[in-house]
Structure formats: structure tokens, C-alpha cells
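Residues per chain are reported as follows:
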Amino acid sequence: MNITVSAPGKLMIFGEHAVVYDRPCLVTAVDQRMRATVELTDDNAFHLDAPEVNVSGYKRPMTELGTGDIPKGAKFVEIAVKNFIEKYPFSSGIQIVTASDFSSLFGFGSSSASTVCVLKALSELTGKILDNKALFDLAYKTVLDVQGKGSGFDVAAAIYGGTLYFVTGGNIIEPLQVDTMPLVIGYTGVKADTVTLMTAVAEKMKAQPERVGRIYDAIAKLTEEAKTKLLEGDWERVGRLMDFNQDYLRDVGVSSEILEALISAAKSAGAFGAKLSGAGGGDCMISVTPDHSRPNVEAAIEAAGGQVIHIAANAPGVRVETDDQNELFVVVDENDHVVGHKTRQECNHNPALIHRAVELLIFDSHGRVLLQKRSMTKDTRPGFWSTSVGGHVGKDESYETAMRRELQEELGIQIPIVYVSKQIVHFTEETEMEALFTATYDGPFHTNPQEMDEVKFFDKREIVFGLATNKLQLTEAALQNLKTMGVLS
Ligand code: MEV
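Model, not experiment: these values are computed from the prediction.

Observations concerning the overall build of the chain
Right, so step 1: Regarding its fold elements, the chain presents 13 helices and 21 strands.
Right, so step 2: At 23 Å, the chain has a C-alpha radius of gyration in line with the 23 Å of a compact globule built from 489 residues.
Right, so step 3: Projected onto its principal axes, the C-alpha positions of the chain cover 75 × 60 × 35 Å.
Right, so step 4: Across the 489 residues that make up the chain, the buried fraction comes to 56%.
Right, so step 5: Counted over contacts in the chain with a minimum sequence separation of 6, partners at least 24 positions apart contribute 68%.
Right, so step 6: Carbon and sulfur atoms make up 49% of the accessible area of the chain, which totals about 20,300 Å².

This is the structure we're talking about:
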């Protein structure tokens, strides 16, 4: 039996570096996840495939875990397994395959997230169910074993999800009820090495303990204020506090030319404020940007040499995936000719594998369109509104059969459907050949709470107003399909 567990990446909002020295930080989990599929085996060996960090077919006896030369990409996972076994012994082998929605270059915390996934999977598979704090302690120990230092904030984000007020080593882990954050994120194209930067800062701390200590106190103070302002949704002040935080990080010496260029580009283009996020030296910068300035800020970041990364904050924490990652999807060429079948896992993480998907828009007799609010536990776009029904086409299914099955699974109904059109849709991590269907129906619906939070009919004005005021967040597919059907222009 295997199990797939996923955990989100993270984005540091305030307090990096200071949090390594007993100060607080604010961190949010992002809607890009790591996944680990884990199986107990009877060969008493540890097997790891982690393509995102170039580890393939790595194998060693369970008795030798954590000894000798371990490839860089395997370290966190191998030490995590070793730590689990030392605390909760079991006597089988283990097979692990990891996959990532995001590049390990961005600094979103892929190592911590895979550590959390593997420990959570082991706790489920061995029946030794760990609560969040026990999981945190074991994952944090793993991070310290591998890299010697670190606050553990990334481990907490991977486990708890949402937005957290966090103090070093998990002394305080406080979930915050924060609204959608108007962040624009720019990647510098430079991979930062967190341990090198932490070491440089530690040396500075040793040489000038009072000066650096005062800087950390100031960062702690503004982090406390930022916590209140985040909760109030006072984005203008949050932006200003980011500027102050960036001034201090510059003083500590962890900013860089390209980070400064992207930060000042974002601010000149209308961001309320901006700072580096994480260890510094590269990786990403973040800015708080009013909605009307977003296009300008994104363009300015790109023009300054950055890459804008589209992610949403407040993603759910670690969880066991219920979607069968081995389910086979239909892979096609650009003309929709079938070229083979690949697993959900492969299709969802390889944009070269165009796979078939279906979308349905249901209209009622007043011409209003039914949208569904995605469940907060969904791995992509939690809480967003999407088309009435959507899903993938499985092996041996036609578009129409898949559409009818999804309709039954998600809304519990069978009604006449009409095929409209087909198009290729590109997402960051996957590419779909999407067939759009429509139907006319006034209800009732028997919704599946695992899939969605609610369904609701919207008239055109409500959608246009919701989008203009940012009260309604639509998935890309919903936006596109509403345009195809003429609901939006
Ligand atoms: C790195 O993303 C953030 C640091 O504060 C390290 C840590 O908290 O573990 C520099």
C-alpha cells in the first residue's frame, strides 16, 4: 500500500534572520506543493527518486541510513527517515518518490516541505499518528541535523499552512486569520544558499553583537506591528513596514544588487512597499501592491530582470492526498490525437504532457451561470471560484463520458450536456486539452463537500463587479470559459 502526502512551500513575509535569534517572524504557506508518495517494502532498503533535485534510483540498506556520503538532494529525506525510525522503530524497507509544483531554485522551502511529507507519510503508514507539534519537532530536528541552524519557520508553514506568527524553534506557532494578501513576487534568477547567508550573519553577530542585536530588536518590533496590520488588512502600512524591514536587512548585509533593482522597480511602479523574502542574496522579493498597480508592478519587475511568480498565500498545510496519483490520464498531441497514457502525478508536473480535461458551465433559466467555490483543502487555487464542474479525462473515457462522470461526482446530477469547443490551456506545471460543455438547469444540486465549499448562480453584473472589486477570485479556466461563452468580454 502506498500513500501520497503533500505540503505547501512558504514565503517569508517579515522577520527573516532575526527569527534565527529568538525573535518572531510572519510566514505564509503558498499554493505550490511538494508531494511524496511513500510505500513500505520488504527488501529492507531505502529507495528514493526525487527528480526535482536530480536524484534517481538512489538506494541503500536501512541499517546505513545517515552514514557516509549522501547526495545533496537526498539528505533531508534520508535523515528524516532515520530520525523517524530512531524514535518509532519499524522493520521494513521504504520506497519514496517525490515531486514538486515549484522549482527548488525559488527558495520556497522544498527541502523542509519534503521532510514534512515523508514524516507525515511514515506516521500514517506505521500507525504512529503524530500531532502537528510532534511532527514539527521531528522535522525541525531533521533540518538542524542536516544544516546545523535554522529557525524552523519553513517546517511550521509546511505543517500548519495558512499564515503564521512564529518564534524560533516553534516556541510560538500562532495561526493568523489573514485575508488574501495582495502580493506580487519577483524571482531574481539567482539561487541563494541559506546556510552560507546564515553563517555570514552569525559572524557579523559575533563581531558586533550589540549593533546586530539592536537591528534584530527593531525587526522584531516592526514584525509585531505588521502582525496587527496584516490582520486589519491595512496593506499600505504593511508595505511601509516592508520598506523598514528591507532597510534593516540591507544593514545586515543580505540584500543584493538584483534584489534592490527589483524592489525599487516594484516601488516606482506603484507598490506600497517591498523587501527581499527569505535568506537574501538572491531568491525572491515580495511587494504589497494595490490591485490597480499590479500590471505595472509586474511589468516593472520583469523589465528590471526578474521573473514574476504567480502564487497565492494562505495555502492549506500538510495533508494526505485522496486523489489517486497513479490514475491514468489520456495524453494527446496538439491536434488532440492520443499518444499514450500517463499518471496523474506525471501529467500534473510536466507541461510537455498535454492531457485531456473537461469543463462545464451550467446556466439557469434566467441566464445566470453556476460557479463552484473550490474547497479550502484543494491543492491548487483553494477558495477560488471555478466553472460549474471540471475534471480530467481518464484512460478509456471519452470527453463526454468524463464530463458526465464529473457531473455526477461533483453535483450529484445527470442532465443533458452540449459540447461547445476545445482548446489547449497552459498552466505553469501542466498543459491541458480542455473540452468545454454547457447545460441549462435550475437545480437542485447534491454537492460533494470534499470537492467544493459551495455552488452559486451568478449574473453577469455580479461577476464583473466581483472581479473589479477583487471580491471574486476566479480560476484561469473559469475566466477563459466565461469569455468563450460571452459572459465576460
Ligand atoms: C531563510 O529563508 C530564512 C532565515 O531566517 C533562516 C531561518 O529562519 O531558518 C534566514
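Details of the site of the ligand
Right, so step 1: Inspection of the region around the ligand gives K10, E16, H17, V19, V20, G150, S151, F153, T194, M198, G278 and A279 as its neighbouring residues.
Right, so step 2: S151 has a polar side-chain atom sitting 2.6 Å from an oxygen atom of the ligand.
Right, so step 3: A279 has a polar backbone atom sitting 3.5 Å from an oxygen atom of the ligand.
Right, so step 4: Here the ligand has 290 Å² of accessible area as a free molecule, and 96% of this is covered by the chains.

Focus on the sheet that holds strand β8 (residues 183-187)
Right, so step 1: Taken together, 4 strands build an open sheet; the order of strands is β9-β10-β8-β11 and the sheet is antiparallel. The two strands at the open ends of the sheet, each matched to only one other strand, are β9 (273-277) and β11 (307-309). Going from strand to strand, the sheet's axes swing by 30° on average, the running direction of each strand aside.
Right, so step 2: Two elements, β8 and strand β10 (residues 284-288), share 5 bridges in a ladder whose sense is antiparallel. What sits directly across from Y187, in β10, is C284.

Quick notes on the packing of aromatic side chains
Right, so step 1: Taken as a whole and assessed by the stated rule, the structure comprises 12 aromatic pairs.
Right, so step 2: Here the aromatic rings of F136 and Y140 are separated by 5.5 Å at their centres, their planes lie at 25°, and the arrangement is stacked. You can see F136 and its partner Y140 sitting in helix α3 (residues 132-147), 4 residues apart, about one turn around the helix.
Right, so step 3: Considering the side-chain rings of F136 and F166, the 6.1 Å spacing of their centres and the 55° angle between planes classify their relative orientation as tilted. Highlighted residues: F136 in helix α3 and F166 in strand β6 (residues 163-167), separated in sequence by 30 residues. For the pair F136 and F166, one class covers both residues: buried.
Right, so step 4: Aromatic rings pair up to connect F84, Y88 and F90 into one cluster.
Right, so step 5: Sitting over the face of the ring of F14, K275 holds its NZ or CZ atom 5.9 Å from the ring centroid.

Examining helix α4 (residues 153-160)
Right, so step 1: Most of α4 sits out of view: 7 of its 8 residues are buried.
Right, so step 2: Every buried residue of α4 is accounted for by F153, D154, V155, A156, A157, A158 and I159.
Right, so step 3: The inward-facing, buried residues of α4 abut β1 (2-14), β2 (24-41), α2 (110-126), α3, β6 and β7 (172-176).
Right, so step 4: Positive backbone phi, at 70°, marks G161, one or two positions downstream of α4.

Some points on the pattern of salt bridges
Right, so step 1: On inspection of all chains with the given rule, the structure shows 28 salt bridges.
Right, so step 2: Across the pair R344 and E327 runs a salt bridge, and its minimum N-O distance is 2.8 Å. In this pair, R344 sits in helix α10 (residues 344-347) while E327 sits in the loop between β12 (319-320) and β13 (328-332), placing the two residues 17 residues apart along the sequence.
Right, so step 3: For E327, a relative accessible area of 26% corresponds to the partly exposed category.
Right, so step 4: For E462, the salt bridge identified is with K456, shortest N-O distance 3.7 Å.
Right, so step 5: Under the relative-accessibility criterion, E462 is labelled partly exposed at 33%.

Focus on the side chain of T343
Right, so step 1: Within the secondary structure, T343 sits in strand β14 (residues 338-343).
Right, so step 2: Judged by relative accessible area, T343 falls into the buried class, the value being 14%.
Right, so step 3: Beyond its immediate chain neighbours, meaning those up to four positions away, T343 contacts Q325, N326, E327 and L328.

Digging into the pairing of strand β19 (residues 418-426)
Side-chain direction in a regular strand flips from residue to residue, so the side chains alternate between the two faces of the sheet.
Right, so step 1: Examined bridge by bridge, β19 and strand β20 (residues 431-440) share 8 bridges and lie antiparallel to one another. From the neighbouring strand, Q423 faces β20, where its bridge partner is E434.
Right, so step 2: The hairpin turn running from β19 into β20, its antiparallel successor, is 4 residues long.

Brief notes about the state of the cysteines
Right, so step 1: Tallied over the full model, the rule gives 0 disulfides.
Right, so step 2: Among the cysteines around C25, which has no disulfide bond, C284 carries the closest sulfur, lying 16 Å off.
Right, so step 3: With relative accessibility at 0%, the residue C25 sits in the buried group.
Right, so step 4: C284 supplies the cysteine sulfur nearest to C117, a cysteine that is in no disulfide, at a spacing of 20 Å.

What about the domain arrangement of the chain?
Right, so step 1: Splitting the chain by domain gives domain 1 (2-176), domain 2 (183-309) and domain 3 (322-484).
Right, so step 2: When domain 1 packs against domain 3, the two sides together hide about 820 Å² of surface, and 40% of this comes from carbon and sulfur.
Right, so step 3: When the buried surface of domain 1 facing domain 3 is broken down by residue, D31, R35 and D101 rank first, second and third, together holding 52% of it.
Right, so step 4: At the surface where domain 1 touches domain 3, the tally comes to 1 residue pair in polar contact (both at pLDDT 80 or more).
Right, so step 5: Contributing elements (two or more residues each) for the side of domain 1 that touches domain 3: β1, β2 and β5 (93-100).
Right, so step 6: Element by element, the count of residues in the side of domain 1 that touches domain 3 is highest for β2, at 3 residues.
Right, so step 7: Taken together, the residues of the side of domain 1 that touches domain 3 break down into 2 nonpolar, 3 polar and 4 charged.

Observations concerning helix α7 (residues 235-252)
Right, so step 1: For α7, built from 18 residues, the straight-helix expectation of 26 Å at 1.5 Å per residue is met to within 8% by its first-to-last C-alpha distance of 25 Å.
Right, so step 2: For α7, the full list of buried residues reads W235, V238, G239, L241, M242, D243, N245, Q246, L249 and V252.
Right, so step 3: Positive backbone phi, approximately 95°, marks G253, located one or two places after α7.

Reading guide: rules and limits
- Residues numbered from 1 in each chain as written.
- Predicted model: local features only at pLDDT ≥ 70, side-chain atom pairs only at ≥ 80, totals over all residues.
- Heavy atoms only, no water.
- Helix = DSSP H or I, 4+ residues; strand = E, 2+ residues; numbered from the N terminus.
- Rg over C-alpha atoms; globule rule 2.2 N^0.38 Å.
- Buried < 20%, exposed > 50% of the residue type's maximum accessible area, 1.4 Å probe, protein only.
- Contact = heavy atoms within 4.5 Å.
- Areas by Shrake-Rupley, 256 points an atom, 1.4 Å probe, with all protein chains shown as cover.
- Near = heavy atom within 4 Å.
- Polar contact = N/O pair within 3.5 Å; in protein donor to acceptor, adjacent residues only side chain to side chain.
- Pairing = 2+ DSSP bridges.
- Axes fitted to C-alpha atoms, helices over the stretch in contact; angles between N-to-C directions.
- Phe/Tyr/Trp six-rings, centres within 6.5 Å; stacked < 30°, edge-to-face > 60°.
- Lys NZ or Arg CZ within 6 Å of the ring centre and 35° of its normal.
- Salt bridge = Lys/Arg side-chain N within 4 Å of Asp/Glu carboxyl O.
- Disulfide = S-S within 2.5 Å.
- Domains from an automatic or database assignment.
- Buried area = accessible area lost by both parts, 1.4 Å probe.
- Nonpolar A, V, L, I, M, F, W, Y, C, P; charged D, E, K, R; others polar.
- Expected span 1.5 Å × (residues − 1).

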